[in-house]
Structure formats: structure tokens, C-alpha cells
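Survey of secondary and tertiary structure
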Amino acid sequence: MSERRKLIVLTDPGQDQAAAILMMLGAPEAFEVLGLVATAGNIDLAHTTRNCLKLLELAGRSDIPVFAGCPRPIRRDLVMAEHVHGPTGLDGPDLPEPKISASERHGVDFIIETLRAAEPGEITICSLSPLTNLAMALVQAPDIAERIAAIFAMAGAYFEVGNITPTAEFNVYVDPEAADVVLRSGVPITLLPLDVTHRMRSTPARLAAMRALGNRCGIATAEMLEFSEAFDLRKYGWDGAPLHGPCVPAFMLRPELFHGRQVSVMVETSSPLTSGMTVADWWGITDRPKNVFYVRDGDDEAYYSLLLECLGRLP
Ligand code: RIB
């Protein structure tokens, strides 16, 4: 059994990210979630912060703190994805308004202070969202880079091309400058891009299995994904919508289920046509530093079995 990871989770829930957070909470033997840092992304910061609180209450984990991060990307206006996630960002189940509140501390300060207070290599960053708050922390406090054990992020696309533009994946597109800061940070990074998340499709049978768990977290996850799938089913015409977020905890739990390669990944920040495009040097054509373990594929059956196992342990 590998050591339990202490996680700072960056998130803009978002139904798929809700599933990822619940998966982490359903694997307490592997993850200690130190806090959620809400990001502006899928929906505005007020909603993503509230959604974090709702999820923690749903899972019976109101002991975990939530910190609101920056209300917009580093340089650009905020682009959101209400067309996928609905006006609250977490449409689907009727989750009650949270009784708990977010911390007064800014999410960027939480990242910096928590890393400085911990031993080097003690804390892992798990990013499900645009990378704005991690990038701001790295710029404000460059010393934290060597203190981060690793970054695992759902971000980017190369072989699968983009989802918000023909060339860019949403999390990177929202804040490409932030992705650039993180990719150049020197911190060990594993990316779970669309190349692998598009293999993980929530078919009706898989959603039915979540609902059949019978617990409130399994039922709520099915209801969330049954809402957010509509856009992707129309767009892709597949037998299920891609389930992005849980690829991150799944990789941390069972890396042997996935396949990837250590390559150079850089991001376009200036071209209006390809802004946010992640360029993976898969064949080692350049001498650019191989800064990313880039995951290209994974075992979808095992992925969903693992997700169900974790969800099944929750209330
Ligand atoms: O591109 C997919 C990612 O963008 C997912 O995390 C989804 O929640 C959106 O944030």
C-alpha cells in the first residue's frame, strides 16, 4: 500500500469534478483532502465555491475547508461552460443550500501557506480546473515549487484535439497563461488530457450502476452526470459522455490502468486561432524539456469499477 497522499484540490465543480471529489473522499486510505480551492471556470466563483460546500455536505465531510480563489483568469476575461453544466454549474440533483461557509482565507494564500508549513514533498496538487490559483501562488511565492510533491491535472489535449475550440481543452483555454506558468514550474506533472478522458464514457449501464449503489452519493452522481451528458451526447454522438475529472484520482489510485509517456508539453498563449492548445512532443522531435507525464489511454472498465467502489463507500 503506497503512502496516503495529502491533497490540495483545485476545482470548479462541474458535475464531472463532483464525481472526482466524491471519488477522492471515497478513498480515505489513499487520500487526505486538506482543502478545496474553488476556481472560476465552468461557472463563476460564487457558484463554484457554493458547489464545493454542497458536495462536502453531501459526502458528510463538512470538516474539509473550502477556499475561494481568484474570480477570473490571470489575463483574460472568464469563459464559462454553463451550456454544459447548467446555470448553477451543478445542475441535476436538488442539493440543499450549504449550511457551512467557505473560509475567509484566499485560496492562493491557502496554497502558499499550506505548502510552506508542510515538509517538502508532503503535499500533492490535484487540479480539476483551470490552473489560475496554482499559477498565482507560484508567481507570488516561487519557493513553493520545490515543496510540491507532484501535480496531477485534468488538462490539455493533443491527439483528441480540443473541446472548447478546435485546438484547446477547456481548463487550459480558460487560462493559458496559468497553464504556461505551471508547465514551466519544474514541478513533476502528470496530465490527464482529453486523449484519455474521452475513452471514459458514462454509458446508460454505467450511470444505472451508480444509481443502483442506492446511497445518496451514488444517486446524486448519477443525477449530475445524467444532466451534464446532454451536451456531449449531442456533440459527439457517442454511447456516453466523457467523464473527465475522476481520471485524476483514478490515476493516483491505480496508475497501472493507464498508459502514457514522459514528453515535452507547452501551451500556446498568443495565437488567436490556437490559444490554449497544448503541444505534446510525443515523438521527441525537439530538445524541449520533457516536463510532463502525458497520459494517452486507460482501461475504461476498470476505471468505472474503481469509481463505483469509491462512491459505494460514501453516505
Ligand atoms: O475539458 C474538460 C474539463 O473542463 C472538465 O474538468 C470540465 O469540468 C471542464 O472544467
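Look up a bit, the structure's there.
Nothing here was measured: the structure is a model prediction, and the numbers come from that model.

This part is about the overall build of the chain. When its secondary structure is counted, the chain shows twelve helices and twelve strands. Against the compact-globule benchmark of 20 Å for 315 residues, the chain has a radius of gyration of 18 Å, which places it among compact chains. Along the longest, intermediate and shortest principal axes, the C-alpha atoms of the chain span 50 × 45 × 40 Å. Within the chain, buried positions represent 57% of all 315 residues. Accessible surface, the chain: about 12300 Å² in total, of which carbon and sulfur atoms supply 53%. Within the chain, one finds 27 positive and 40 negative side-chain charges whose respective centroids are separated by 2 Å.

What follows concerns the site of the ligand. Around the ligand lies a shell formed by Asp12, Asp16, Gln17, Asn42, His85, Leu128, Met154, Asn163, Glu169, Phe170, Asn171 and His244. Residue Asp16 places a side-chain N or O atom 2.5 Å away from an oxygen atom belonging to the ligand. Asn42 is positioned such that a nitrogen or oxygen atom in its side chain is 3.0 Å from an oxygen atom of the ligand. Surface burial for the ligand is 96%, taken as the share of its 280 Å² of free accessible area covered by protein chains.

Here we take up the packing of aromatic side chains. Under the definition given, this model contains nine aromatic pairs. Note on Phe152 and Phe251: the rings are 6.1 Å apart at their centroids and 45° apart in plane angle, and the pair reads as tilted. Highlighted residues: Phe152 in strand S5 (residues 148-153) and Phe251 in helix H11 (residues 247-253), separated in sequence by 99 residues. Both rings, one in Trp282 and one in Tyr294, keep their centres 6.2 Å apart while their planes meet at 70°; by these two values the pair is edge-to-face. One end of the pair, Trp282, is in the loop between strand S11 (278-280) and strand S12 (292-298); the other, Tyr294, is in strand S12, with twelve residues separating them in the sequence. You'll find Trp282 and Tyr294 in the same group, each marked buried. Against the face of Phe159 rests Arg296, its NZ or CZ located 3.4 Å from the ring centre. Over the ring of Trp282 we find Arg296; its NZ or CZ atom is 5.3 Å from the centre of that ring.

Moving on, we get to empty space enclosed by the protein. Following the criterion strictly, the structure yields two cavities of 30 Å³ or more and no others. In this structure, the largest cavity encloses a volume near 370 Å³. Every residue lining the largest cavity is counted, 28 residues in all, and those nearest its centre are Val84, His85, Asn163, Asp232 and His244. Broken down by secondary-structure element, the contributors of at least two residues to the lining of the largest cavity are helix H1 (15-25), helix H3 (82-85), helix H6 (170-174), helix H10 (216-236) and strand S8 (241-242). At seven residues, the largest contribution of residues to the lining of the largest cavity is made by H10. Residue classes in the lining of the largest cavity are distributed as 13 nonpolar, ten polar and five charged. For the second largest cavity, the calculated volume is near 70 Å³. Lining the second largest cavity are Leu131, Ile151, Ala153, Ala155, Val172, Ala179, Val182, Leu183, Ile189, Leu191 and Thr278. Those elements that place two or more of their residues in the lining of the second largest cavity are S5, helix H7 (176-183) and strand S6 (189-191).

A word on H1. Most of H1 sits out of view: eleven of its eleven residues are buried. Every buried residue of H1 is listed here: Gln15, Asp16, Gln17, Ala18, Ala19, Ala20, Ile21, Leu22, Met23, Met24 and Leu25.

Core analysis: the largest hydrophobic core is formed by 62 residues, its most contacted members being Val9, Met24 and Phe258. Looking at this core element by element, the count peaks at eight residues for H1. Not counting residues up to four positions away in its chain, the partners in contact with Phe258 are Val196, Met200, Cys247, Ala250, Phe251, Val295, Asp297, Gly298 and Tyr303. By size, the runner-up hydrophobic cluster in this structure holds 40 residues, among which are Ile112, Leu115, Ala118 and Ile148.

Here we come to the sheet that holds strand S3 (residues 66-68). If you walk across this open sheet you meet the eight strands as S3-S2-S1-S4-S5-S6-S12-S9, and the pairing is mixed. Lying at the two open borders of the sheet, with one neighbouring strand each, are S3 and strand S9 (258-263). Put simply, the sheet's adjacent strands are angled 25° from each other on average, direction ignored. Where strand S1 (residues 5-11) lies against strand S2 (residues 31-38), seven bridges are found, and the strand directions are parallel. Within S2, the residue paired with Lys6 across the bridge is Glu32.

Both faces of the sheet carry side chains from a regular strand, because those side chains alternate between them. Taking burial as the measure, the seven residues of S1 include five buried ones, the bulk of the element. Bridging between S1 and strand S4 (residues 123-127) involves five bridges; their strand directions are parallel. From the neighbouring strand, Val9 faces S4, where its bridge partner is Cys126.

Moving on: unusual backbone geometry. With an omega of -20°, the peptide bond running from Pro13 to Gly14 counts as cis. Looking at where Gly14 falls in the secondary structure, it is placed in the loop between S1 and H1. Although it is not a glycine, Val161 adopts a positive phi angle of roughly 55°. Among the secondary structure elements, Val161 is positioned in the loop between S5 and H6. What makes Val161 partly exposed here is its relative accessible area of 45%.

Calculation notes
Residues numbered from 1 in each chain as written. Predicted model: local features only at pLDDT ≥ 70, side-chain atom pairs only at ≥ 80, totals over all residues. Heavy atoms only, no water. Helix = DSSP H or I, 4+ residues; strand = E, 2+ residues; numbered from the N terminus. Rg over C-alpha atoms; globule rule 2.2 N^0.38 Å. Buried < 20%, exposed > 50% of the residue type's maximum accessible area, 1.4 Å probe, protein only. Areas by Shrake-Rupley, 256 points an atom, 1.4 Å probe, with all protein chains shown as cover. Lys, Arg positive; Asp, Glu negative; His and termini not counted. Charge placed at Lys NZ, Arg CZ, Asp CG, Glu CD. Near = heavy atom within 4 Å. Polar contact = N/O pair within 3.5 Å; in protein donor to acceptor, adjacent residues only side chain to side chain. Phe/Tyr/Trp six-rings, centres within 6.5 Å; stacked < 30°, edge-to-face > 60°. Lys NZ or Arg CZ within 6 Å of the ring centre and 35° of its normal. 1 Å grid on protein atoms, 1.4 Å probe; cavity = no way out; pocket = protein on both sides within 12 Å on 5 of 7 lines; lining within 4 Å. Points joined across faces, edges and corners; volume = space filled by probe spheres on them. Nonpolar A, V, L, I, M, F, W, Y, C, P; charged D, E, K, R; others polar. Core = buried A, V, L, I, M, F, W, Y, C linked by side-chain atoms within 4.5 Å. Contact = heavy atoms within 4.5 Å. Pairing = 2+ DSSP bridges. Axes fitted to C-alpha atoms, helices over the stretch in contact; angles between N-to-C directions.

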